[in-house]
Amino acid sequence: MEIRPQTVIKMTVVKKNNYCPIFEEGDEIIIKKHCFDISFNKLEKYCYATLTDIYPKCNNLRKQPVGSKDTFTCRDNGIIEIELERLEDELYDFERKD
């Protein structure tokens, strides 16, 4: 399989305004082309609602220059705030390894 450059987005929880059972301030999530890089992330659970809401922001950020940023506030009364940053593209192999 050919390995090609893929978009990398870093999501960082920058503020926790109230109780959240999933995220803590400083948590980071790396997304490479629409896929979680679970080898990097220490989180074992992800809030489905947050991920659903954040998808359009990630998709838009992929089209922006490297270094571009956006923010997201949780739909659940804004209990967390996330900063998204477009990082340098990386070579990434999507091939599943069993």
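Because the structure is predicted, anything quoted here is derived from the model rather than measured. (Residues numbered from 1 in each chain as written. Predicted model: local features only at pLDDT ≥ 70, side-chain atom pairs only at ≥ 80, totals over all residues. Heavy atoms only, no water.)

## Observations regarding the pattern of salt bridges
- In the structure shown here, the tally under the stated rule is seven salt bridges.
- The residue aspartate 89 makes a salt bridge to arginine 86 at a minimum N-O spacing of 3.0 Å.
- Judged by its relative accessible area of 37%, aspartate 89 is partly exposed.
- Its relative accessible area of 9% is what places arginine 86 among the buried residues. (Salt bridge = Lys/Arg side-chain N within 4 Å of Asp/Glu carboxyl O. Buried < 20%, exposed > 50% of the residue type's maximum accessible area, 1.4 Å probe, protein only.)

## Observations regarding the sheet that holds strand E2 (residues 28-32)
- One open sheet accounts for five strands, arranged E3-E2-E1-E5-E4; its pairing is antiparallel. Unpaired on one side and paired on the other, strand E3 (35-36) and strand E4 (69-73) mark the two borders of the sheet.
- With five bridges joining them, strand E1 (residues 4-16) and E2 adopt antiparallel strand pairing. Of the residues in E2, the one forming a bridge with lysine 10 is isoleucine 30.
- Sitting on the sheet, helix H1 (residues 48-61) is in contact with E1, E2, E3, E4 and strand E5 (80-92), with an inclination near 50° to E5. (Pairing = 2+ DSSP bridges. Helix = DSSP H or I, 4+ residues; strand = E, 2+ residues; numbered from the N terminus. Contact = heavy atoms within 4.5 Å. Axes fitted to C-alpha atoms, helices over the stretch in contact; angles between N-to-C directions.)

## Quick notes on the environment of leucine 84
- Topologically, leucine 84 is positioned in strand E5.
- In this structure the C-alpha to C-alpha distance between leucine 84 and isoleucine 54, which are 30 residues apart in sequence, comes to 9.3 Å.
- Excluding anything up to four places from it in sequence, leucine 84 contacts Ile9, Lys10, Met11, Ile54, Lys57, Cys58, Leu61, Ser68, Lys69, Asp70, Thr71 and Phe72.

## Looking at the nonpolar core
- Judged by nonpolar contacts, the single largest core of 18 residues is most densely connected at Met11, Ile80, Ile82 and Leu84.
- Those elements giving two or more residues to this core turn out to be E1, E2, H1 and E5.
- Per-element tally for this core: the top contributor is H1, with four residues.
- Residue contacts for methionine 11: discarding those within four places in its chain leaves Asp27, Glu28, Ile29, Ile31, Leu51, Ile54, Cys58, Ile82, Glu83 and Leu84. (Core = buried A, V, L, I, M, F, W, Y, C linked by side-chain atoms within 4.5 Å.)

## Some points on the environment of arginine 75
- Along the chain, arginine 75 turns up in the loop between E4 and E5.
- It is 7.4 Å that separates the C-alpha atoms of arginine 75 and threonine 50, two residues lying 25 residues apart in sequence.
- With near-sequence residues (within four places) excluded, arginine 75 lies in contact with Ala49 and Asp53.

## Let's talk about the confidence of the model for the protein chain
- Looking at the protein chain, pLDDT values average 87 and 93% of them are 70 or higher.
- When mean pLDDT is taken per element in the protein chain, E4 scores highest with 95 and E3 scores lowest with 80. (pLDDT = per-residue confidence, 0-100.)

## Considering the pairing of E2
- Burial of E2 is extensive: four of the five residues sit out of reach of the surface.
- Across two bridges, the pairing between E2 and E3 is antiparallel. Looking at E3, one finds that isoleucine 31 is bridged to phenylalanine 36.
- Linking E2 to E3, which pair antiparallel, is a turn of two residues; within it lysine 33 sits at a positive phi near 55°.

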